[in-house]
Amino acid sequence: MKIIETSHISRRYVMGEEVIQALKDVSISVSKGEYVAFMGPSGSGKSTLMNIIGCLDTPSTGKYILNNQDVSEMSENELATVRNKEIGFVFQTFNLLPRQSSLENVALPLIYAGYNKADRIEKAMLALKGVGLENRAGHKPNELSGGQRQRVAIARALVNDPSILLADEPTGNLDSKTSYEIMDLFDQLYSKGNTIVMVTHEDDIAQYAHRIVRLRDGLVESDKVNLNVKKAK
Ligand code: ADP
Ligand code: ADP
């Protein structure tokens, strides 16, 4: 079953006289349960594509079908609704609320989704357990290591059971040992059937994914099954 399907999408940015063609013609599909890495040098269009896949932006031309919904021409409000339901975001900088505990951070998306407090606590605890942090529920971000913060962010991304975990440079702020821990967690999430789309410029990190798509100058340069998937453990 296809979760992501882009057909001939392009994205241009107009800055005064200058037109930047960040994506030229990108057709990609990702099926449920895949673990894909998008790679490419700075300026190749990774962030632009990621923003479109994550429903933060829409293509200039072409079509994007996300979980059977045509999102290419949705309004901001419609996009926000789809985004909250379908996408779990993980960022390089974790983006946790500093004054809130792990549990409160993880429970945040459940407030928007309309769950009552008891259900929020139960679901957030379960998500924390899923990343091995049930014993850090009351800790605030500054009481956690970098790797633990990222695991809280991953629990928050998954708490609403999204169709896709979309991770933008998830190990960018972590040392190599901690990066392996996060890649080990991604291995576990993949084994449980999660669909993972990761953007990274680090070849070493991309090797944990089961498929590697390389972008260059706004085009897909290659799209290959990774025959030598690295295991973090
Ligand atoms: P990435 O390019 O890694 O996907 P972003 O597009 O979010 O990350 O980059 C944020 C800013 O940092 C942008 O202005 C981008 O041009 C710049 N940038 C990203 N990677 C590099 C790099 N390797 N060297 C210099 N600047 C970079
Ligand atoms: P990457 O993430 O691979 O570094 P980006 O998608 O950030 O690549 O950028 C692709 C191209 O689009 C670059 O030339 C970049 O400068 C340009 N670009 C990205 N975002 C914007 C923007 N908001 N406005 C204008 N140009 C942009």
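Refer to the structure presented above.
Residues numbered from 1 in each chain as written. Chains lettered and ligands numbered in written order. Predicted model: local features only at pLDDT ≥ 70, side-chain atom pairs only at ≥ 80, totals over all residues. Heavy atoms only, no water.

**Student:** How should the overall build of the chain be read in this particular structure?
**Tutor:** Along its length, the chain carries seven helices and ten strands. For 233 residues, the compact-globule estimate of 2.2 N^0.38 gives 17 Å, and the chain sits close to it at 18 Å. When the backbone C-alpha atoms are referred to their principal axes, the chain occupies close to 50 × 40 × 40 Å. For the chain, the proportion of its 233 residues judged to be buried stands at 48%. Within the chain, contacts between residues separated by at least 24 positions form 65% of all contacts whose residues are at least 6 apart in sequence. Of the roughly 11600 Å² of accessible surface on the chain, 47% is carried by carbon and sulfur atoms. Of the charged side chains in the chain, 28 are positive and 29 negative; the average position of the first set lies 5 Å away from that of the second. (Helix = DSSP H or I, 4+ residues; strand = E, 2+ residues; numbered from the N terminus. Rg over C-alpha atoms; globule rule 2.2 N^0.38 Å. Buried < 20%, exposed > 50% of the residue type's maximum accessible area, 1.4 Å probe, protein only. Contact = heavy atoms within 4.5 Å. Areas by Shrake-Rupley, 256 points an atom, 1.4 Å probe, with all protein chains shown as cover. Lys, Arg positive; Asp, Glu negative; His and termini not counted. Charge placed at Lys NZ, Arg CZ, Asp CG, Glu CD.)

**Student:** Honestly, the environment of S75 in this entry has me stumped. Any pointers?
**Tutor:** Within the fold, S75 resides in the loop between β5 (69-70) and α2 (76-86). You can call S75 partly exposed: its relative accessible area is 35%. Sequence spacing of S75 and A127 is 52 residues, and the spatial spacing of their C-alpha atoms is 31 Å.

**Student:** Please clarify how the site of ligand 2 should be interpreted in this entry.
**Tutor:** The local shell around ligand 2 consists of Y13, M15, I20, A22, P41, S42, G43, S44, G45, K46, S47 and T48. Contacts to ligand 2 include K46, whose side-chain N or O atom sits 2.9 Å from an oxygen atom. Taking T48, its side chain carries an N or O atom lying 2.6 Å from an oxygen atom of ligand 2. Protein chains shield 64% of the accessible area of ligand 2, which is 560 Å² for the free molecule. Of all the secondary structure elements, the ones that give two or more residues to the shell around ligand 2 are β1 (2-15), β2 (18-31) and α1 (46-53). Residue contributions to the shell around ligand 2 peak at three residues, all from α1. (Near = heavy atom within 4 Å. Polar contact = N/O pair within 3.5 Å; in protein donor to acceptor, adjacent residues only side chain to side chain.)

Nothing here speaks to function; it is geometry throughout.
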